[in-house]
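# What the coordinates show
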Amino acid sequence: MSRKSRRLRRRRTMVGHYTKPGAAPGVPTIDPDAHPSALTVYGYGLDGFEEHELEDPAGIGDFLGKWPVTWVHVEGLGDTRMIYALGERFGLHQLSLEDVIHTGQRPKLEVHSEYLSLTVRLVKAGHPIFTEQLSIFFGKNFVLTFQETPGSDFEPVIRRIKEGAGRIRDAGPDYLAYSLLDAVADHYFPVVDTLEARLEALEDKIFNGSGHDSSVAIHDVKSQLRILRRSVFPMRESLETLLSTDLSMIEEASRVYLRDCHDHVMRIGDIVFSLEDYCSDLMNLHLSMMSHRMNEAMRVLTVFASIFIPITFIAGVYGMNFNPGISIWNMPELNWRWGYPFALALMASTALGLLVYFRRKRWF
Amino acid sequence: MSRKSRRLRRRRTMVGHYTKPGAAPGVPTIDPDAHPSALTVYGYGLDGFEEHELEDPAGIGDFLGKWPVTWVHVEGLGDTRMIYALGERFGLHQLSLEDVIHTGQRPKLEVHSEYLSLTVRLVKAGHPIFTEQLSIFFGKNFVLTFQETPGSDFEPVIRRIKEGAGRIRDAGPDYLAYSLLDAVADHYFPVVDTLEARLEALEDKIFNGSGHDSSVAIHDVKSQLRILRRSVFPMRESLETLLSTDLSMIEEASRVYLRDCHDHVMRIGDIVFSLEDYCSDLMNLHLSMMSHRMNEAMRVLTVFASIFIPITFIAGVYGMNFNPGISIWNMPELNWRWGYPFALALMASTALGLLVYFRRKRWF
Amino acid sequence: MSRKSRRLRRRRTMVGHYTKPGAAPGVPTIDPDAHPSALTVYGYGLDGFEEHELEDPAGIGDFLGKWPVTWVHVEGLGDTRMIYALGERFGLHQLSLEDVIHTGQRPKLEVHSEYLSLTVRLVKAGHPIFTEQLSIFFGKNFVLTFQETPGSDFEPVIRRIKEGAGRIRDAGPDYLAYSLLDAVADHYFPVVDTLEARLEALEDKIFNGSGHDSSVAIHDVKSQLRILRRSVFPMRESLETLLSTDLSMIEEASRVYLRDCHDHVMRIGDIVFSLEDYCSDLMNLHLSMMSHRMNEAMRVLTVFASIFIPITFIAGVYGMNFNPGISIWNMPELNWRWGYPFALALMASTALGLLVYFRRKRWF
Amino acid sequence: MSRKSRRLRRRRTMVGHYTKPGAAPGVPTIDPDAHPSALTVYGYGLDGFEEHELEDPAGIGDFLGKWPVTWVHVEGLGDTRMIYALGERFGLHQLSLEDVIHTGQRPKLEVHSEYLSLTVRLVKAGHPIFTEQLSIFFGKNFVLTFQETPGSDFEPVIRRIKEGAGRIRDAGPDYLAYSLLDAVADHYFPVVDTLEARLEALEDKIFNGSGHDSSVAIHDVKSQLRILRRSVFPMRESLETLLSTDLSMIEEASRVYLRDCHDHVMRIGDIVFSLEDYCSDLMNLHLSMMSHRMNEAMRVLTVFASIFIPITFIAGVYGMNFNPGISIWNMPELNWRWGYPFALALMASTALGLLVYFRRKRWF
Amino acid sequence: MSRKSRRLRRRRTMVGHYTKPGAAPGVPTIDPDAHPSALTVYGYGLDGFEEHELEDPAGIGDFLGKWPVTWVHVEGLGDTRMIYALGERFGLHQLSLEDVIHTGQRPKLEVHSEYLSLTVRLVKAGHPIFTEQLSIFFGKNFVLTFQETPGSDFEPVIRRIKEGAGRIRDAGPDYLAYSLLDAVADHYFPVVDTLEARLEALEDKIFNGSGHDSSVAIHDVKSQLRILRRSVFPMRESLETLLSTDLSMIEEASRVYLRDCHDHVMRIGDIVFSLEDYCSDLMNLHLSMMSHRMNEAMRVLTVFASIFIPITFIAGVYGMNFNPGISIWNMPELNWRWGYPFALALMASTALGLLVYFRRKRWF
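Attention in this report is confined to the structure presented alongside it. Throughout, residues of each chain are indexed from 1 in the direction in which the sequence is written. A letter from A marks each chain and a number from 1 marks each ligand, given out in the order of writing. Restriction of local features to residues with pLDDT of at least 70 applies here, the model being predicted, together with a cutoff of 80 or more for giving and counting side-chain atom pairs; totals for whole chains, interfaces and linings are based on all residues. Where side-chain values are given, they derive from all heavy atoms of the structure, hydrogens and water being excluded.

Turning our attention to the overall build of chain A. Labels follow the DSSP assignment, with helices taken as runs of H or I lasting at least four residues and strands as runs of E lasting at least two, numbered in each case from the N terminus. For chain A, the helix and strand inventory stands at 10 helices and seven strands. Computation of the radius of gyration draws on C-alpha atoms, with the globule rule given as 2.2 Å multiplied by the number of residues to the power 0.38. In terms of overall size, chain A is more extended than a compact globule, its C-alpha atoms giving a radius of gyration of 35 Å where 364 residues would be expected to give roughly 21 Å. Projecting the C-alpha coordinates of chain A onto the three principal axes gives extents of approximately 125 × 40 × 35 Å. The 364 residues of chain A split such that 63% are buried. Considering only intrachain contacts with a sequence separation of at least 6, the fraction spanning at least 24 residues in chain A is 66%. Buried means the residue's accessible area, taken with a 1.4 Å probe over protein chains only, is under 20% of the maximum for its type, while exposed means over 50%, and partly exposed covers the values in between. We call two residues in contact when some of their heavy atoms are within 4.5 Å.

Attention now goes to the relation of the copies chain B and chain A. Only residues with pLDDT of at least 70 in both copies count here: their C-alpha atoms drive the least-squares fit that superposes the copies. Mapping chain B onto chain A calls for a screw motion: a turn of 72° about the axis and a shift of 0.0 Å along it, with 0.1 Å RMSD after fitting. Here the copies are linked by what is in effect a five-fold axis. Closest to the rotation axis within chain B is the C-alpha of Gly319 of chain B, separated from it by 4.5 Å. Here only 9% of the interface residues in chain B have copies in chain A that are interface residues too; the copies meet through unlike faces.

Below, the discussion takes up the sheet that holds strand β1 (residues 38-45) of chain B. All names here are of chain B. Should DSSP find at least two bridges between two strands, the strands are regarded as paired. An order of β2-β1-β3-β7-β6-β5-β4 is seen for the seven strands of this open sheet, with the pairing classed as mixed. The sheet is open, and its two edges are formed by β2 (48-54) and β4 (108-111), each paired on a single side. For this sheet the average axis-to-axis angle between neighbouring strands, irrespective of direction, equals 15°. Relative to strand β7 (residues 142-147), strand β3 (residues 69-75) is paired through six bridges, and the arrangement is parallel. Looking at the pairing, Val74 lines up with Phe146 of β7. Axes here refer to lines fitted to C-alpha atoms; in helices the fit is confined to the stretch in contact. Angles between the N-to-C directions go from 0 to 180 degrees. Each of β4, β5 (116-124) and β6 (130-138) touches helix α7 (residues 214-244); the most contacted strand, β5, lies at about 150° to it.

The next point concerns the interface of chain E and chain C. Of the residues lining the interface, 68 residues belong to chain E; the matching set on chain C comes to 64 residues. Regarding the contact of chain E and chain C, the summed buried area is about 6000 Å², with carbon and sulfur atoms giving 61% of it. Any carboxyl oxygen of Asp or Glu within 4 Å of a side-chain nitrogen of Lys or Arg constitutes a salt bridge here. The interface formed by chain E and chain C holds five salt bridges in total. With a closest N to O distance of 2.8 Å, Asp263 of chain C and Lys108 of chain E form a salt bridge. By definition, the buried area sums, over both parts, the 1.4 Å-probe accessible area that each loses when the two are put together.

Right, let's get into the relation of the copies chain E and chain C. Once chain E has been moved 0.0 Å along the axis and rotated by 72°, it coincides with chain C to within an RMSD of 0.1 Å. Comparing interface residues between copies, only 9% of those in chain E also lie at the interface in chain C; the contact surfaces differ.

Residue and element names in this part refer to chain B. If you check which residues of helix α5 (residues 155-163) are buried, you get Pro156, Val157, Ile158, Arg160 and Ile161. For α5, the elements touching its buried residues are β1, β2, β3 and α6 (173-208). One or two positions beyond α5, positive phi appears at Gly164, with a value near 65°.

On the surface, Leu352, Leu355, Val356 and Phe364 of chain A cluster together to form a nonpolar patch covering roughly 340 Å² of accessible area. On the accessibility criterion, Leu352 of chain A (55% relative accessible area) is exposed. Candidate patch residues must exceed 30% relative accessible area and have no salt bridge, after which like charges are joined if within 9 Å and Val, Leu, Ile, Met, Phe, Trp or Tyr side chains if within 5 Å. A 1.4 Å probe and the Shrake-Rupley method give the accessible areas. Residues count as covered only by the protein chains that appear here.

Let us look at the pattern of salt bridges. Tallied over the entire structure, the rule returns 80 salt bridges over all chains. A salt bridge links Asp270 of chain B to Arg106 of chain C; the nearest nitrogen and oxygen atoms lie 2.6 Å apart. Here Asp270 of chain B, found in helix α8 (residues 252-317), pairs with Arg106 of chain C, found in the loop between α4 (94-101) and β4 (108-111), and the two come from separate chains. An identical accessibility class is assigned to Asp270 of chain B and Arg106 of chain C; each is buried. Taken together, the salt bridges that share partners define one network made up of Asp99, Lys108 and Glu110 of chain A together with Asp263 of chain D.

The next point concerns the environment of Gly126 of chain D. Residue and element names in this part refer to chain D. With respect to the helices and strands, the residue Gly126 is situated in the loop between β5 (116-124) and β6 (130-138). A relative accessible area of 40% means that Gly126 is categorised as partly exposed. As a C-alpha pair, Gly126 and Ser215 span 89 residues in sequence and 20 Å in three-dimensional space.

Attention now goes to the nonpolar core. Grouped together as the largest cluster of nonpolar side chains are 110 residues, with contacts concentrated most on Met320 of chain A, Met320 of chain B, Tyr318 and Met320 of chain C, Met320 of chain D together with Met320 of chain E. Contacts of Met320 of chain E, omitting those with residues within four sequence positions, involve Asn321 of chain C, Ala315, Tyr318, Gly319, Tyr340, Ala343 and Met347 of chain D together with Met331 of chain E. As used here, the term nonpolar core means buried Ala, Val, Leu, Ile, Met, Phe, Trp, Tyr and Cys residues forming a set that is joined through side-chain atoms within 4.5 Å.

Okay, here's the thing in structure tokens:
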């Protein structure tokens, strides 16, 4: 991946695109890296389904009159003018629109009189995983979604609408919003599953002692978990608020589905927490195994060296050139009959003595 | 244990079986690894008891009319059709059924108008321990339970029903549900007791200095505690909700039992917390003991080497081949009368001096 | 202390005696290690005091009629039948009795219509400290206490009753219950004081550099603090509930005393927290001092070795046996007039140069 | 930067200027390092805008009568008399004024009957970043701000007033206060973005193994995050209080803007938390990489040394000067035909044997 | 400082003086180390001020009748009888008096019908800092304070009363109590400021690499912060309770001052938290720098040694005494024309080769 696209991904995931200090609220700073916008409209009801890609938001009016539910889906946030036109069409607050464009928003729920706005983060598998902002607005007869980058993340939902499978064609925009949220939540499962499998594999490697670079790998998983945490926890809060507030926009029948979606998000949150603990534990294990192995090696080698040091010294002594001819005190061993065997025996017994001593001290 | 069965256990315990992103709610993804389902029905009341293994859920109707309490127990979640048939028979919500099949649910309580649903995790002793999902549904005259794998975990409860011991035959389905929950909770005690005993044994080993691989063992215990924590804490929350909500399905007399069960779960949670602390402390102790011992060995050996280094040098000096015949400055020691004893004395005093110095510095 | 009694102490303190999974509630599993039970009854009022050791709980009836307050104190939980007889006499719930026998309960408060039940943990000084369960039941005219092991922990309270000192003879069972609770709380002070003094002594040892085995000692204190924490914190919660609930069984005048007792428990909790922090800090300090000292030694020794290595090499060079007679290129130094002094000077200057270099690098 | 100015920055950021113990409240201690004060007044309304730099606060009266909103902005807190004069003019409480001068206040909100007072901390980019106190008071027709040091932090807000862009000229002092707060919040984004980029760069360096001094750099970032945290979190609390309290001073229309500002502050808080985690992870990674590299080097070198030790010993043995002429036991090898090749072969095979052994042990 | 006085300070700060287990409440254990008591009475009102040192509490009656506010200040808690006499005079509860004498109380607020009691901890600068208990009782027309040791901590407050500066002479006992509390809080500022400056100096030392004993110094600061935390946090809680409770004893006008005092305490708490983080960060930095420097030294030295090891071996080989006269295979090099230069070149190239290899591996 190019350095630039990595930088973009990071920005999308971490700080996002933000406003200039002191700028007027509701007037977004334009992001030169934003994807060009593409608009698709879906209209559906019990008796049919229609789909169009539009260039001009003006065409939406036809759908709103004709179908019980109109879903306007925008991919790419490059066309600020189109986004503002849509905002005006559906009576959205300027600050809501600013939040669409200034990505990197904290997942949140906003209750307005005519519509609800939900900002969540859609996880994208890959390496490293990243998240992008998805803004969902829904009112009496419409759902309006803005996604940062193109992608077929909602393909199965669209198919269910097309095929009229399940409740979706009977139900209102709240059920569609739920379906999208649920799809967002469900995207997290394979991601955490993959991360968990990676940690499992790492654990095996660490136990086998073949994980030289495990700390880098663990750090990598941890970074990705940090990203997930930042996306999942505020989403959980938003769903809790949504469930505890009494909103006319949400039908009673949809509540049980939302609660289910909330359970999913809780579960993801639990798994993320659990995996973070797992990471820390693995890191500790890895470090402790590494240092254990290192210590083992060092200790044995040091003992080894320590045995040779004194016997090399003995060899050095008998390598001195003192002249035995001068006096009987000058290295008489050199002329002993058993001098050499004596020296070898001295060395051997020294080595053995040390070996026994070190062993008894349990130094190797 | 085979790699595959370990993988299955892990999946059961960690992420579980999950839905495909964007799939319609209530339509479960089929899990190819699920156990085949087996259905047993128990009917009982003050004046009797009946038990049948059924192939077809249709036979349950007889029980429901005949006995005050009918308990339908399903082991193994492979037969999705049977589960759905049961769901329909007892009027369960589709999402509830989906949760039965998509295992790995967070322990939770759900209140429906006609029934309560409790999802808990049953701990299975063994090494490593693992947990599986148990779904309990109960209404006015029935209890319906789904367990992931076959097992005789509720044998004592069944015996109490058969023998009519205690209150169980007098009481309603809420008491049976409590009895099952209590059995679930009680399964945790021997598990945490075993873990505690393992940690105690590890502590002894660490103090004796014989625990070379303690970090692996501690890591292992910690992983199992993490699993327990994830099961126990949400169960605690569910029981708290159950106790604080005013539900007609639970008789006043059963409340005190549920509170007792809640106390048990609290107690397990406390022990798990405490053991996690214990683990961390042991790990620290282990690392500190290891590094202490390592340091001791290294220091003594280094001091040892450091004493030999200068005296080996002296031996080296007198091993040089300078010709003493050329001038009186060229190694006159070689021809001294006491040259060799002088050299030996020089070495001995150097070694002694260093020994004293190092000792005074407390380096060994 | 024998291994078995240590095991018993641990069980008492950590997991306690627990029920068999699936067993009927209220039917306790018998603990073979329980102490035999001894029953003492105290009756008192403004005008007198009476004390009897009874074999048979039936004799209690006389006291209940005669004295405003009857205190039944049982030490040792071996006699399950007697405990159940007492329970029946005072109308206690079966689950309450089960909790008495299944020790290792979490400290808790239970409100029943006719009595209050408080489970707390009594700390026993010693090494290691341990805690045992004390169950306090009190109603309109009685206090009933069950203590795991015999001991004279409440001697001062009994003396105050006997001597009629203070308010105790005027007041009801609630004041007696408070006095017992207060005695339980007060037992913690000398224990934490001792632990604090031990940590202080350890700190001094660490600063003096004489604490080779400090990590073991700190670990030991930490284990004991963990035990205290598990006893004190739930007790605090219980007292908070007791104070915030409006209970007819507790007179207004006793409330201020209970609040005082609550303050004591809070204070103990604070000290325990503080000491736990102290432990961690000491451990860090110890490790850092150890590694600092180790590093110092290693560094100096390594520098020392590094200076001798090159000069030993020089000695080795001039110990080579090349024949200077063959050509003028073959070790002419050996026949130089100042060969030996030159070699010595070379060694000395090398050593000096390295010394200066290492010093400048601040390696020793 | 000079030592003194660093000290000043630190004082401004950490403890601030504080009162003398026991001094009367509302009588500020004068800070000799405070900047001289400069006063600017802005008056505006739907139909115009006026700006003056004043020497004397008395001139403000004209503005208050003439314009719907009067904004008095003071930069530098050296002129205590002027500050008190302003305070009297706008009816501020003495303690509020003391808080203006005793900088280092915790960000807070105070509700008075005639005005609201908000104390926040303005972040100043640079290295190291620092924060200064900004006190905002606003009432029915005025906003009064005190900033510790001069700076053009609100230039864009002033420009919006001058140019009449957006809502600002239509709205009351609450909207101006919001605009200032929003500008304060927005200043944090580039700061955290910069810190994040620094951490990213550090991560790359650590992975490449070129980050020798990373721990210093990480420590530096962490210190700055600590400063941000201390500023952002209380600000969040203040905004929450502001939003949850029903204050007549804030129009309904401004609420949605304040909520947006609150979202920004939440987001900054999240990022700060996330970056703190990032720091810890990076530090761990760095240490683990460092120690890994160190271990690698040490191990290979030790193995290397360990191979030469025994062969050097062999060379030493054959360098001994025992006289082979005395007996056939005295170093007969010296006179063997193949003595030298034998010795070399012995050395080579020893070295090889060790190499194989160490390799098999995976010590290098 | 003598060992005994250090022990006393510690006891005062940590566990304090506590009751004997089981002792009757309200009957304090006498502390042999308590300071002798000294009693001073201040009476004041709008029109005057009077001050007396009294031997006998009986003389207080005159003041109570004469002055709107009477402040009785006791320094030293040795005279239990006097304290009890005062308690009776002002109608204090026995438990309140016990708390005065059993120092080491947790800072707390107690509301009685006729008086309020506040227990706080007064910080004493010095090294190490310590804290002592200050008990403040105030009712309709009196303030009663008990301080553990003599000291002129409230000198400025007394001066303000004497000189009639500020509001103090107009206001009631609640304002005096506030003034004392504020003085207590203000004493913390210079203490935390000093600690912060010490940490700053330590940071500089660590960066310069001259902080050999930094871990001891950091540990010391941390210990002192722990003491501060234990004093400040409960004080914060007490003030919160005081502010949130509606008490007739506190005039509306004093509330704003109490809130200000609460802000100060919050601010101290924040600084303490922040400094604790700072400590941890510094400790980590210190350890990482230490180990970094150690590693640097060790690595360079090891590389250094590793270069000399093989060349010393070569020297050793040519120092062997094989007889070249026996065969042409026996060390023919010794008699080569260029034997010695060849050996030197061999050594030099070996050394150079290793140097290049190690450098390339980046081991130094």
